[in-house]
Structures are given as C-alpha cells and as structure tokens.
Amino acid sequence: MSLFDLTGKTALVTGASGGIGQAIAIGLAEAGANVIGVASSNCDATVAAIEAAGGKAKQIKADLSDESKLEAVAAEAISLFGAVDILVNNAGTIRRTPAADHAREDWHAVIDLNLNSVFFLSQLIGRHMIERGSGKIINIASMLSFQGGINVPGYTASKHGVAGLTKAFANEWAGKGVQVNAIAPGYIETNNTAPIISDEKRYNSILERIPAGRWGVTQDLKGPAVFLASSASDYLSGHVLCVDGGWMAR
Ligand code: NAP
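What counts, and at which threshold
- Residues numbered from 1 in each chain as written.
- Predicted model: local features only at pLDDT ≥ 70, side-chain atom pairs only at ≥ 80, totals over all residues.
- Heavy atoms only, no water.
- Helix = DSSP H or I, 4+ residues; strand = E, 2+ residues; numbered from the N terminus.
- Buried < 20%, exposed > 50% of the residue type's maximum accessible area, 1.4 Å probe, protein only.
- Contact = heavy atoms within 4.5 Å.
- Near = heavy atom within 4 Å.
- Polar contact = N/O pair within 3.5 Å; in protein donor to acceptor, adjacent residues only side chain to side chain.
- Areas by Shrake-Rupley, 256 points an atom, 1.4 Å probe, with all protein chains shown as cover.
- Nonpolar A, V, L, I, M, F, W, Y, C, P; charged D, E, K, R; others polar.
- Phe/Tyr/Trp six-rings, centres within 6.5 Å; stacked < 30°, edge-to-face > 60°.

Draft legend 1. Region of interest: the environment of Leu 113. Summarising the element assignment, Leu 113 is placed in helix H4 (residues 104-132). Leu 113 gets classed as buried once you look at its relative accessible area, which sits at 14%. Placed 47 residues apart in sequence, Leu 113 and Asp 66 show a C-alpha to C-alpha distance of 7.9 Å. Excluding its chain neighbours within four sequence positions, the residues that come into contact with Leu 113 are Leu 64, Ser 65, Ala 91, Gly 92, Thr 93 and Val 118.

Here it is as structure tokens:
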C-alpha cells in the first residue's frame, strides 16, 4: 500500500470546515499527510478530528473569493509545514435562481470563489510545486462540469471552467512533475445540496437516476482523493474523475 502513502507530504485543502472538504482533509491525514485547512469561518472541527487521530493539522482563515487575499494564503500555507505537496481546490458555493433572474452579485460571487480562486491559487501553489519538481493538484468539479443543471447558470459556468482549467494546467505542468486532475462528485449529501434534499420530489427523482441506488456521502470522496494525491496516480494528468454512483454512465 506504499503507493498510497502520504507520510511526510503536506496537503492544502480549501473549504475544509465541513462537507466534502472536511472528509477529504481527514482522508488525506489518515493516509499520512499533514493538512492545512482553509475556510472563511474556521476549520476547528477538522483540525480536532485529525489531531485526535494522531495526525498533524493547521488552518488558515480566509475569504478565498477575495482575490487580493490569495497570495498571503499561499505564502502562509507554504510556511506552515515548509512546503505544499498537494493542493485540493474544494471551496465552492452555489446560487439557485433561474437564468433570466440570476443576479449579477450571485454570478460574481460564484465565479469569484469557484473559478477565480481555483485559477489564482493553482498558479501560486503551482509555481512552488514546479520549483520543487513535484506536486498534485486536485480540483473539485461537478456533474455540472458536463451538464447544464437547472437554475444554477453561474455554478455550471464555473464548474465547466474548473474542468477546462484542470486540462489547461495539466498540459503545461505534467512534464514538470505536477499532476493536475479533478474529481467530479455526483449528488453528495452536504450543506450545498440541503435545499434539494429537503425537496422530497426532487431528491427522489435524482435518486431514481443513480445506478448505485443511493445519494453519495462525503466519505465516498476520501479514496479518490487519496489516489489522486498519491504516487499511485503519477501517470494521470488532466483527468476528471466522476465519483457519482454511476450517474454519468446512465
Ligand atoms: P459545503 O458543505 O457548503 O462546503 C463548502 C466549503 O467551502 C465549506 O468548507 C466552506 O467553509 C467553504 N467556503 C465557502 N465559501 C468560502 C469562501 N468565500 N472562502 C473560503 N472558503 C469558503 O459544500 P460541499 O458540498 O462540501 O462542496 C464542496 C465542493 O464540492 C464545492 O466546490 C462544490 O461545488 C462541490 N460539489 C459538491 C457536490 C454535492 O453534491 N455536495 C457535488 C458536486 C460538487 P466556510 O463557509 O466556513 O467558509
């Protein structure tokens, strides 16, 4: 299992206060990585869970939708454990209103966090990885990197952009020892999907289309994240891995 061992590696996980980011942070720590969580609130619970299991974790509090803060976040992250080997661009938000009524603020809020922060943070941490000749970047995409969705045009645009950036960065950096890939989660039970979960009709109509016969839970993302963060995936580049219970295959 040494192919999946992350001992001695440091992972920077954005949006690690809860949901998918928290599960990925804990999963990477279970595989041996030191973890730095970022959120606009705090990652206290994530840090506590990792430390309780004997791991090492630190956190940075920052609003990643504010582009002017990203340089300081990257510098602090690199200084906390001396390097960043793994970057998980997970922080994300969603605004649900029909395209015709989609407010400018909603569009910008989603693009700023879901797309702009992914580009600029990847650039900042990627330069550091290129200098060191190795690194792993994992972007969190979505089913809406492939499909249009309903009432979420900004989110769909951002997640199509994340899939595109994954391939664009991968093409330039695969030869420099930095693998850039993405995970596209299917429907996972988190705060992000709470409004759909509480709509029984919508919840069940989605459930009916999932071949696995259940919605995903955040734990389902741990294994794929460890794989893409580890040397087991050294020859994977520019791939968008659907972790969706078979949704896209249907
Ligand atoms: P979530 O539970 O709402 O988690 C979102 C995370 O992003 C939180 O840790 C949140 O922390 C952080 N965040 C939000 N705004 C931020 C900001 N301005 N600056 C820094 N951090 C910020 O949602 P989730 O479902 O786990 O989503 C995680 C990622 O998975 C997102 O990119 C989402 O688009 C993607 N995804 C989710 C699903 C799903 O079914 N749930 C499916 C496909 C893709 P704070 O609020 O504390 O800042």
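The structure having been displayed, the exposition proceeds.
Draft legend 2. Representation of the site of the ligand. As a structural note, the neighbourhood of the ligand is formed by 30 residues, with Ser 17, Ser 40, Ser 41, Tyr 155 and Thr 190 the closest of them. The side chain of Tyr 155 places a nitrogen or oxygen atom 2.6 Å from an oxygen atom of the ligand. In the environment of the ligand, an oxygen atom lies 2.5 Å from a nitrogen or oxygen atom belonging to the side chain of Thr 190. Expressed as a share of its isolated accessible area of 880 Å², the protein-covered part of the ligand is 87%. Of all the secondary structure elements, the ones that give two or more residues to the shell around the ligand are helix H1 (19-30) and helix H5 (153-173). Class assignment for the residues of the shell around the ligand results in 13 nonpolar, 15 polar and two charged.

Draft legend 3. Expanded view of unusual backbone geometry. Phi angles above zero are rare outside glycine, and Asn 151 is one such case at about 70°. Judged by its relative accessible area of 37%, Asn 151 is partly exposed.

Draft legend 4. Main features of the packing of aromatic side chains. Scanning the model with the defined rule gives seven aromatic pairs in all. Consider the rings of Tyr 187 and Trp 247, whose centres lie 4.9 Å apart with planes at 55°: the pair is tilted. Separated by 60 residues along the polypeptide, Tyr 187 in the loop between strand E6 (178-185) and helix H6 (194-197) and Trp 247 in the segment after strand E7 (240-243) bring together distant segments of the chain. Across this residue pair, the class does not change: Tyr 187 and Trp 247 are buried. With centroids separated by 4.8 Å and ring planes inclined at 15°, the aromatic side chains of Tyr 203 and Trp 215 adopt a geometry described as stacked. Here Trp 215 lies in the loop between helix H7 (200-209) and helix H8 (222-229) and Tyr 203 lies in helix H7, a separation of 12 residues in the sequence. When its relative accessible area of 18% is taken as the criterion, Tyr 203 is described as buried. Here Trp 215 falls in the buried class, since its relative accessible area comes to 3%. Through a chain of ring-to-ring contacts, three or more aromatic side chains come together here, namely Phe 119, Phe 120, Phe 169 and Trp 173.

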